[in-house]
Amino acid sequence: MIYSVIIKVKRENEVITDVLMSLETAKAIVYGVALGAGDGGVADVFALAEISYRYHTDLRKLHKAAHEHGRLSSDHIKVAAACVAAAFLIALPLNGAHDHEYARRVVEFTDGLSDALDAAFYRLGHVLAWGDEGSAIAHIGKDGGAEALIGLACYCVMRYPTEFDKAMALGRMCGLIPAALAGGILGAKLGLAGITQTAIVSLKDVDRLDEMAVNWMMKGRF
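A few points on the structure. (Residues numbered from 1 in each chain as written. Predicted model: local features only at pLDDT ≥ 70, side-chain atom pairs only at ≥ 80, totals over all residues. Heavy atoms only, no water.)

Let us now look at the pattern of salt bridges. Counting across every chain of the model gives eleven salt bridges. Here K166 and E163 are joined by a salt bridge, their closest N and O atoms 3.1 Å apart. You can call K166 partly exposed: its relative accessible area is 45%. Note on E163: relative accessible area 34%, which makes it partly exposed. Among the charged side chains, a network of salt bridges with common partners joins E101, R104, R105 and E108. (Salt bridge = Lys/Arg side-chain N within 4 Å of Asp/Glu carboxyl O. Buried < 20%, exposed > 50% of the residue type's maximum accessible area, 1.4 Å probe, protein only.)

Right, let's get into the environment of L23. Relative to the helices and strands, L23 resides in helix α1 (residues 2–37). In this structure the C-alpha to C-alpha distance between L23 and D210, which are 187 residues apart in sequence, comes to 9.2 Å. In this structure L23 touches Y53, A213, V214 and M217, once residues within four positions along its chain are discounted. (Helix = DSSP H or I, 4+ residues; strand = E, 2+ residues; numbered from the N terminus. Contact = heavy atoms within 4.5 Å.)

Moving on to the side chain of H139. Here H139 is to be found in helix α7 (residues 133–140). Here H139 falls in the buried class, since its relative accessible area comes to 18%. Dropping the residues within four chain positions of it, H139 is found in contact with R123, H126, V127 and W130.

Right, here's the structure in full:
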């Protein structure tokens, strides 16, 4: 009897711990996107980040959901490829991938979707060792388009994989979408502990962001 009670309490505690960890991960991603976005509107990045959070353990569903999200655009072939790449980038750290693998893994996961996306990530491979970040940004983004924005976000994270504030500063040099996406990727990678307290304090409308994280967690578990 006592043993059964102990086992039951242990299991309940494990469930509670798991829920809290899941919620903390959701909050870290939401906060990261919001910090990258600043006052800008990045509804698409939040939507793709939710897809990443919910389906990172089922990449087939992630691919389908992100691709469908992209198809809402009039230029759906290019944008759909970018959406799949963006969602997969946030899923990578959730699945334990090392940051040096990100570019290669994205190209493999999106194989056949977009030549422009492949080209952007090929250019990313050129610049990782460059000291001049401005030249690197110009090289990755020279073709423009949604695909280049995803490559730029990946560059920010691979350049500063453990330094949230530096990655955000670089992201803002690249544009609103790369900064927001890089924030989501690093939120997934570093967790709340990896986001500086100064950055968290600067967030606006935290209650709304916390509610978003709770909704993600509830949809993902129940």
